[in-house]
Amino acid sequence: MSSSSSSLTCARLATWTIVAVLLQILGLLLFVLGFFPVKPALSGVSGPESYRSPMSNSMEDHEHINQLSPYQRRSLYKEMSEIPPSFDRLILMVVDGLPAEFVLGKGDQPPTKAMMDAMPYTQSLLSHGTAIGYHAKAAPPTVTMPRLKAMVSGAIGGFLDVAFNFNTQAFLDDNLLGQFLNIGWKMVMLGDETWIKLFPGLFTRHDGVSSFYVKDTIEVDHNVSRHLGAELVANDWNLLILHYLGLDHVGHIGGRSSILMIPKLKEMDEVIKTIHMSSVLPQDPSHERTLLVVLSDHGMTENGNHGGSSYEETDSLALFIGLGSKIPDYASATRNAAFQVDIAPTLALLFGVPIPKNNIGVLMGETFDSLTDDQRLRALELNSWQLLRLLQAQLPGLLCGNFPCNGFNDAQCSEIDAHRVNIEKKFYCLFSKAATLHRSWVSQEGRSFCSTNTDDFRRTVAAYNEFLRTANEWLSRRATDKPPELLAPGIATMVVSCVTLLSILFRLCKEVYLREKQHLFGSDNCKYKWHLDEVFALVVIVILVFSMGSSSMVEEEQYIWHFLTSTLYLIFLRKAIQSPSAGATSSLLNVIKRQKFSYNSRACSIIFVLICGRVLRGWHQGGVNWVHLPDISKWLEQIDARIIKSIQIVSVFCVISLSSLALYLLKLKSRVVLVVQLSLFLSGLLVVMHIMEYHGQTFAPSNYSSTLIAQIFYAILGSTVMLTVLQAPWVLPISDGETHVNTESHSVTSFSINIQMNSPLLALRYSLYLIGWTYTVCWCLLQLLLQQPINAMPVLLLFFQILGTILYFSVGGTHDKQWVEVAALYFLGMAGHFGLGNSNTLATIDVAGAFIGISSHSTLLAGVVMFMITLASPLLFLLSMVIYISMKDASYLLFSHNGNIGHLLQMMIGFPCLVPLALNSVMLTAFTIVLVLMRNHLFVWSVFSPKYLYVCATTVCVYVGVLVVALTGIYTSSVFFFRKRMLSSMENGTSTKLKQ
């Protein structure tokens with residue numbers, strides 16, 4: 001088929017593909033900026049106006065407040081609040097990652113005996129009524145930085161705070177620490193350096209440690225406790241923050257059941273005992289009144305991770321020690337529930353400062369039991385005024401002038417609830433009812449019988465709590481305004497990009513089909529016939545798109561991938577059994593194997609892939625709802641850690657042995673092949689050494705020898721990949737350019753290869769074969785080093801699936817369309833992603849592995865390694881595309897354009913690059929539209945938004961994988977054609993000299 005001006009040339013394909021990808025990136029950026037903005041916050045800080053009704057705002061406070069000294073400001077707040085500060089000093093002890101159920105139990109059940117024995121002093125405080133604990137529910141994402149912001153400001157940040165968690169910026173919104181600074185407090189911080197980044201220049205003294213170097217479970221806490229004795233006797237601070245990271249790090253390394261968890265809890269209990277028994281905490285007139293508050297920023301899953309919205313992750317602790325009031329019994333001290341944002345208004349009023357402007361929290365009522373009734377009602381009134389101001393800022397219709405200022409009676413409120421009128425009227429009704437009851441109680445105080453007065457007090461408290469909780473719920477669930485000027489162009493740009501990629505792919509499929517028919521039948525007027533595997537591949541995409549609209553399907557997406565991928569490979573198996581061998585081809589494998597072996601190998605390879613997939617499916621019980629069910633990984637972890645270590649070592653040697661066999665079959669006496677084999681063998685030995693050195697002490701902190709081994713491994717692996725990619729195309733022998741394919745010569749009786757008898761492209765395919773194996777084996781070895789020990793077998797099974805799939809596609813002729821083959825590899829990569837224990841929640845991200853081989857914390861390096869661990873399977877299958885290219889027979893498409901490097905590249909890397917880009921573009925665009933449609937859904941932040949982050953990460957993964965495949969193909973082909981021309985020039989020169 002001769003080329004024409006309308007044909008899809010390599011330059012056109014590359015240009016339009018790059019344009020489509022750039023449009024996709026632009027559209028994604030516009031959408032993310034529009035859908036995930038930083039939540040709007042009221043500017044400025046709360047001052048004296050917070051002690052006045054929102055209906056009577058005055059500007060004079062703002063004119064004079066800045067001129068007051070801290071002491072004058074403190075006195076003014078005390079006078080206007082009408083609530084004397086309960087305490088003078090605050091010790092804020094944050095135990096990172098501590099689940100509340102470790103201390104308070106779960107539901108009506110107390111903590112387990114092991115947990116109670118681990119913290120005897122804390123349990124004695126709860127039993128004796130000198131402490132009260134809360135299950136303080138945290139909002140997702142459950143990572144440290146946004147949770148600290150919530151505790152000190154009472155506001156829930158934007159969802160993208162999960163990304164900012166790795167690059168913390170100064171916190172400028174109104175918060176408790178800023179309010180304390182305004183009244184002259186001196187503050188000291190020891191522990192997590194996130195505090196220092198959030199509040200730069202605020203602390204009189206500080207000693208921070210990195211929160212991300214999770215291999216350290218000892219020094220991060222010792223660095224805090226070593227200062228504790230000196231700080232407890234010092235009198236130059238009002239706020240002491242102690243942020244302990246060790247328990248969170250223990251969880252990341254070994255999960256809730258880690259053998260270091262109980263010792264770490266005992267260590268934290270000793271810290272609480274030390275503080276409580278010191279001279280700081282006793283409450284008598286000769287000492288300043290000090291409150292100890294023990295908090296946790298989030299909980300953790302059974303595996304020790306966090307970031308999602310499950311009960312285990314959101315169950316954080318708030319423990320108040322030294323309130324002064326006696327708690328009647330253990331149940332009253334431990335069975336209290338609140339929200340994490342409730343901590344900010346509670347501490348603000350206990351210490352006599354205004355509630356932060358953007359707070360949505362509600363007072364923890366039991367902490368004010370030592371106050372008089374009028375003071376408790378005043379505290380509820382101040383909390384209500386603050387929330388009413390926040391509601392007025394977001395609901396302009398909620399103003400006194402729009403409603404009768406004398407309030408609503410109970411009948412009117414009941415009518416409003418029944419008719420579901422506008423939200424402004426409902427809020428004003430609830431607030432007016434509470435304010436009216438409060439005024440009535442004040443007017444009757446001292447003139448009524450005690451029982452009547454008590455009943456009025458309880459009704460007033462209930463009315464305030466109803467308003468506060470209703471406002472809290474609405475503010476928490478309210479969707480952030482999505483600016484259409486960003487969302488609409490973003491979605492439109494992604495749709496254009498998706499249509500462009502699909503159009504290019506369709507055009508390429510059509511052109512390849514016509515070339516194939518011309519080669520086989522000598523005519524291009526043959527009707528296209530759809531096969532079952534092609535139809536089902538399209539059905540897979542459609543099912544995946546429609547499943548995105550269900551929150552349950554998103555949570556349990558692994559079932560869809562496993563089922564659909566297995567079904568597609570069953571169709572391949574049926575096709576392999578029904579279709580006889582198509583005859584000899586110039587497949588690279590058929591150069592080595594006898595042709596009569598191809599029929600059996602095709603069926604066996606698919607059966608092998610299906611068996612590996614079934615084992616992968618049962619290895620991890622992933623998802624959200626059924627993660628507690630038994631699976632192979634849980635069974636192995638319960639038996640013996642030595643079995644897991646043995647599986648790791650066997651997996652390493654299997655990968656090395658298979659790679660050595662694959663490279664040996666080339667029968668090339670090239671030095672670069674021997675160097676690659678040696679390097680891979682040494683890399684495998686280093687992985688085994690790291691397993692023996694590090695995993696022999698699984699829960700111990702990282703040591704120098706294991707870090708050094710990992711660093712040497714990285715160096716060797718990187719050097720091997722670079723050497724192979726750069727040198728292989730230059731040093732492997734090249735055949736005579738005038739020799740064409742002779743399929744008969746491939747029926748050899750030995751496994752050796754005579755290069756001079758084969759296609760001129762065979763040397764190019766040898767280079768790609770060697771590079772592809774290097775990519776794949778190096779990636780597998782890297783994952784065997786980085787992944788959790790229990791994931792060693794899944795990595796090996798993914799490697800087996802690659803071999804089986806490429807064997808099926810490479811043997812016995814062309815039975816499947818190339819786009820279907822590439823799509824099948826892509827589907828396997830996505831199914832393998834869940835087979836490694838990943839899910840669509842942030843809690844399954846492996847943070848611990850990100851620091852293997854890193855001697856000191858680096859956000860960039862740790863982030864890159866974390867990305868490689870999380871997207872290990874999709875990247876593995878994308879890298880294996882280079883092997884697929886080298887072994888796939890497409891020589892019949894190249895004859896008419898022999899010598900044209902553009903056409904060669906188009907046929908070689910067109911489908912391996914375009915199909916992943918197009919499939920990912922469909923998924924990205926579809927889920928973007930779903931996310932917009934679900935923007936007001938109850939689970940938009942807990943289910944759909946985390947999934948969208950994974951979709952974006954997968955998009956980056958596809959970009960990286962496709963870029964590697966494309967650059968490898970371009971570089972190798974360019975070198976091949978350059979050497980071919982040089983060889984032809986030398987031969988022509990020799991011929992000329994001989995003729996002379």
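Numbering of residues begins from 1 in every chain and follows the order in which that chain's sequence is written. Residues qualify for local features only when their pLDDT is at least 70, as the model is predicted, and side-chain atom pairs are given and counted only at 80 or more; totals for whole chains, interfaces and linings, by contrast, use all residues. Hydrogen atoms and water are omitted, and side-chain values are computed over all heavy atoms in the structure.

- Per an unreviewed UniProt entry, the chain goes by Type I phosphodiesterase/nucleotide pyrophosphatase/phosphate transferase and derives from Macleaya cordata.
- Under the Subcellular location (unreviewed entry) heading, UniProt states for the chain: "Endoplasmic reticulum membrane".
- UniProt positions are given in the numbering used here, feature names are shortened, and annotations may be inferred rather than shown by experiment. Of the chain, the UniProt comment under Sequence similarities (unreviewed entry) reads exactly: "Belongs to the PIGG/PIGN/PIGO family. PIGG subfamily."

1. Observations concerning the overall build of the chain
Here comes step 1: A tally of regular secondary structure across the chain gives 39 helices and 8 strands.
Here comes step 2: Taken over 996 residues, the chain has a buried fraction of 58%.
Here comes step 3: When contacts within the chain are restricted to residue pairs at least 6 apart in sequence, long-range pairs at least 24 apart make up 79% of them.
Here comes step 4: Surface accessibility in these figures is a Shrake-Rupley result with a 1.4 Å probe; residues are shielded only by whichever protein chains are displayed. For the chain, the exposed surface amounts to about 40,200 Å²; the carbon and sulfur share of it is 62%. Counting from the N terminus, the helices are DSSP H or I runs at least four residues long and the strands are E runs at least two residues long. Remark: exposure states derive from per-residue accessible area (1.4 Å probe, protein chains only) relative to the maximum for the residue type, with buried under 20%, exposed over 50%, and partly exposed in between. Throughout, a residue-residue contact means that at least one pair of heavy atoms, one from each residue, lies within 4.5 Å.

2. Topic: the environment of glutamate 302
Here comes step 1: Residue position: glutamate 302 is located in the loop between strand E6 (290-295) and helix H15 (311-314).
Here comes step 2: With 44 residues separating them in the primary sequence, glutamate 302 and serine 258 have C-alpha atoms 9.9 Å apart.
Here comes step 3: Those residues in contact with glutamate 302, other than ones at most four positions away along the chain, are Gly255, Arg256 and Ser257.

3. Some points on the packing of aromatic side chains
For any pair of aromatic rings, geometry is given as the distance between the ring centres together with the angle between the planes.
Here comes step 1: Pairs were defined over the aromatic rings of Phe, Tyr and Trp, the Trp ring being its six-membered one, requiring ring centres within 6.5 Å. Orientation was assigned from the angle between planes: stacked under 30 degrees, edge-to-face over 60, tilted for the rest. Going through the model one piece at a time under the given rule, you end up with 28 aromatic pairs.
Here comes step 2: Look at tryptophan 185 and phenylalanine 351: their rings are 5.5 Å apart centre to centre, the planes differ by 90 degrees, and that puts the pair in the edge-to-face class. Taken together, the residues tryptophan 185 in the loop between helix H9 (176-182) and strand E3 (187-192) and phenylalanine 351 in the loop between helix H17 (343-350) and helix H18 (373-394) connect sequence positions 166 residues apart.
Here comes step 3: For tryptophan 185, a relative accessible area of 5% gives the class buried.
Here comes step 4: Exposure remark for phenylalanine 351: the relative accessible area of 3% places this residue in the buried category.
Here comes step 5: An angle of 80 degrees between the planes, with centres 6.0 Å apart, marks the rings of tryptophan 773 and phenylalanine 799 as edge-to-face. Of this pair, tryptophan 773 sits in helix H32 (residues 762-786) while phenylalanine 799 is found in helix H33 (residues 792-810), placing the two residues 26 residues apart along the sequence. In terms of burial, tryptophan 773 and phenylalanine 799 fall into one category: buried.
Here comes step 6: Ring pairing ties together the aromatic residues Phe31, Phe35, Phe927, Phe944 and Tyr948, which thus form one cluster.
Here comes step 7: Distance and angle both matter: a charge sits over a ring if NZ of Lys or CZ of Arg is within 6 Å of the ring centre and within 35 degrees of the ring normal. When the ring centre of tyrosine 808 is taken as reference, the NZ or CZ atom of arginine 602 above it lies at 4.2 Å.

4. Considering the nonpolar core
Within soluble globular proteins, side chains that are nonpolar generally end up buried alongside one another.
Here comes step 1: As used here, the term nonpolar core means buried Ala, Val, Leu, Ile, Met, Phe, Trp, Tyr and Cys residues forming a set that is joined through side-chain atoms within 4.5 Å. One finds Phe31, Phe572, Phe827 and Tyr948 to be the most contacted residues of the largest nonpolar core, which totals 165 residues.
Here comes step 2: The dominant element in this core, judged by the number of residues it contributes, is helix H38 (residues 901-933), at 20 residues.
Here comes step 3: Setting aside anything within four residues of it in sequence, one finds tyrosine 948 in contact with Leu28, Phe31, Val32, Phe36, Met494, Leu924, Phe927, Thr928 and Leu931.
Here comes step 4: Counting residues in hydrophobic clusters, the runner-up holds 120 residues, among them Phe171, Leu202, Ala234 and Leu295.

5. Examining helix H23 (residues 532-547)
Here comes step 1: By this rule the span expected of a helix is its residue count minus one, scaled by 1.5 Å. An ideal rise of 1.5 Å per residue puts 22 Å on 16 residues; H23 measures up with 22 Å between its terminal C-alpha atoms.
Here comes step 2: Of the positions making up H23, those classed as buried are Asp533, Glu534, Phe536, Ala537, Val540, Ile541, Leu544 and Ser547.
Here comes step 3: The secondary structure elements touched by the buried residues of H23 are helix H24 (551-555), helix H25 (557-578), helix H34 (818-835) and H38.

6. Thoughts on the packing of H34 against helix H36 (residues 872-879)
Here comes step 1: The axes used here are C-alpha line fits, helices contributing only the stretch in contact, and every angle between their N-to-C directions lies in the interval 0 to 180 degrees. Between H34 and H36, whose axes approach to 7 Å, the crossing angle comes to 155 degrees. Classified by the interaxial angle, the pair formed by H34 and H36 is roughly antiparallel. Crossing angle aside, the handedness with which H34 passes H36 is right-handed. Between H34 and H36, the contacting residues are Leu825, Leu828, Gly829, Met830, Gly832 and His833 on the first element and Ser873, Pro874 and Phe877 on the second. Here is the rule for angles: anything less than 35 degrees is roughly parallel, anything more than 145 is roughly antiparallel, 65 through 115 is roughly perpendicular, and the remaining ranges are oblique. Left-handed describes a crossing whose near helix is turned anticlockwise from the far helix by less than a right angle; the clockwise case is right-handed.

7. Focus: a nonpolar patch on the surface
Here comes step 1: For patch building, the residue pool is restricted to those with more than 30% relative accessible area and no salt bridge; the joining distance is 9 Å between like charges and 5 Å between nonpolar side chains (Val, Leu, Ile, Met, Phe, Trp, Tyr). By convention in these notes, a salt bridge is any Lys or Arg side-chain nitrogen within 4 Å of a carboxyl oxygen on Asp or Glu. Together, Trp530, Val535, Leu538, Val539 and Ile543 make up a nonpolar patch on the protein surface, roughly 410 Å² of accessible area in all.
Here comes step 2: With respect to the helices and strands, the residue isoleucine 543 is situated in helix H23.

8. Let's talk about the sheet that holds strand E2 (residues 131-137)
Here comes step 1: Ordered by their spatial adjacency, 8 strands build an open sheet running E4-E3-E5-E1-E6-E7-E2-E8, and the pairing between neighbours is mixed. Every other strand in the sheet has two partners, leaving strand E4 (205-209) and strand E8 (336-339) as the edge strands with one partner each. For this sheet, the mean inter-axis angle between neighbouring strands, taken without regard to orientation, is 15 degrees.
Here comes step 2: Strands qualify as paired when DSSP identifies two bridges or more between them. Here E3 runs beside strand E5 (residues 239-244); their pairing, made up of 5 bridges, is parallel.

9. Focus: the pairing of E6
Here comes step 1: Of all 6 residues in E6, 6 are buried, a share of seventy percent or more.
Here comes step 2: The sheet contact formed by strand E1 (residues 89-95) and E6 spans 6 bridges and is parallel. Considered in E6, the bridge of leucine 90 is made with leucine 291.
Here comes step 3: Pairing geometry for E6 and strand E7 (residues 315-321), over 4 bridges, is antiparallel. Paired with valine 293 across the bridge in E7 is phenylalanine 320.

10. Brief notes about the side chain of threonine 314
Here comes step 1: Along the chain, threonine 314 turns up in helix H15.
Here comes step 2: Each residue touching threonine 314, except ones within four places of it in the same chain, is listed here: Ala136, Lys137, Ala138, Thr142, Gly308 and Ser309.

11. Regarding the side chain of glutamate 313
Here comes step 1: On the secondary structure map, glutamate 313 appears in helix H15.
Here comes step 2: By the counting scheme adopted, Arg and Lys are positive, Glu and Asp are negative, and His together with the chain ends is not counted. Put simply, glutamate 313 is tucked away with no salt bridge, and the nearest opposite charge, on arginine 256, sits 8.7 Å away.
Here comes step 3: At 3.1 Å, the side chain of glutamate 313 forms a polar contact with the backbone nitrogen of glycine 307.
Here comes step 4: For glutamate 313, the contacting residues outside a window of four places in its chain are Thr142, His298, Gly299, Met300, Thr301, Asn305, His306, Gly307, Gly308 and Ala843. Under this definition, polar contacts are N or O atom pairs within 3.5 Å; protein pairs additionally need one hydrogen-donor-capable and one acceptor-capable atom, and for neighbouring residues in sequence, both atoms have to be side-chain atoms.

12. Thoughts on the pairing of E5
Here comes step 1: Judged by how many residues are buried, E5 sits mostly within the fold: 6 of 6 residues are covered.
Here comes step 2: By the alternation rule, side chains of E5 split into Leu239, Ile241 and His243 and Leu240, Leu242 and Tyr244, which are all buried.
Here comes step 3: Sheet topology note: the E1/E5 ladder contains 6 bridges and is parallel. Bridged to leucine 92 within E5 is isoleucine 241.

13. Focus: the environment of cysteine 778
Here comes step 1: Note on placement: cysteine 778 falls in helix H32.
Here comes step 2: In the structure, cysteine 778 is positioned 60 residues away from glycine 718 in sequence and 8.7 Å away in space, judged by C-alpha atoms.
Here comes step 3: For cysteine 778, the residues in contact, after removing those within four places along its chain, are Leu680, Leu717, Val721 and Trp773.

14. Quick word on the confidence of the model for the chain
Here comes step 1: Each residue carries a pLDDT score, the predictor's own confidence in it, on a scale running from 0 to 100. Residues with a pLDDT of 70 or more make up 81% of the chain, whose mean pLDDT is 82.
Here comes step 2: Of all the helices and strands in the chain, helix H19 (residues 410-419) carries the lowest mean pLDDT, 51, while E5 carries the highest, 95.
Here comes step 3: Low pLDDT, under 50, characterises residues 592-597; the stretch is placed with 13 contacts to residues that sit more than four places away or in other chains.
Here comes step 4: For residues 736-759, every residue scores under 50 in pLDDT, and the model assigns this stretch 50 contacts once sequence neighbours within four places are set aside.

15. Quick notes on the state of the cysteines
Here comes step 1: Disulfides are defined as cysteine sulfur pairs within 2.5 Å. Applying the stated rule across the entire model yields 0 disulfides.
Here comes step 2: Residue cysteine 780 stays outside any disulfide, its sulfur separated by 9.5 Å from that of cysteine 778, the closest cysteine.
Here comes step 3: Residue classification places cysteine 780 among the buried residues on the basis of a relative accessible area of 0%.

16. Re helix H3 (residues 70-81)
Here comes step 1: Compared with the 16 Å implied by 1.5 Å per residue over 12 residues, the 16 Å span of H3 between its first and last C-alpha is a close match.
Here comes step 2: Within H3 the residues assigned to the buried category are Arg73, Tyr77, Met80 and Ser81. Down the axis, H3 shows its buried residues gathered within 90 degrees of arc, on one side only. In this structure, H3 carries Tyr71 and Glu79 as exposed residues pointing more than 90 degrees from its buried face.
Here comes step 3: Close packing links the buried residues of H3 with H9 and H18.
Here comes step 4: Directly after H3, the chain includes glutamate 82, whose backbone phi takes a positive value near 65 degrees. Of all possible arcs, the one meant is that of the directions from the helix axis to the C-beta atoms.

17. Things to note about the pattern of salt bridges
Here comes step 1: Counted according to the given criterion, the structure contains 16 salt bridges.
Here comes step 2: Residues arginine 459 and aspartate 456 are paired through a salt bridge, measuring 2.1 Å at the closest nitrogen-oxygen approach. Of this pair, arginine 459 and aspartate 456 are both found in helix H21 (residues 450-477), 3 residues apart, which corresponds to roughly one turn of the helix.
Here comes step 3: When its relative accessible area of 46% is taken as the criterion, arginine 459 is described as partly exposed.
Here comes step 4: Each of Arg205, Glu231 and Asp236 takes part in a single network of salt bridges with overlapping partners.

18. Examining the packing of helix H13 (residues 246-254) against helix H14 (residues 261-277)
Here comes step 1: Relative orientation of the contacting elements H13 and H14 amounts to 175 degrees, with a least axis distance of 10 Å. Judged on the interaxial angle alone, H14 and H13 are roughly antiparallel. Contact with H13, carried on its side by Gly246, Leu247, Val250 and Gly251, involves Met261, Lys264 and Leu265 of H14 and no other residues of that element.
Here comes step 2: Amino acids outside the nonpolar list (Ala, Val, Leu, Ile, Met, Phe, Trp, Tyr, Cys, Pro) and the charged list (Asp, Glu, Lys, Arg) are all regarded as polar, and Gly is one of them. Split into classes, the residues belonging to the contact of H13 with H14 amount to 4 nonpolar, 2 polar and 1 charged.

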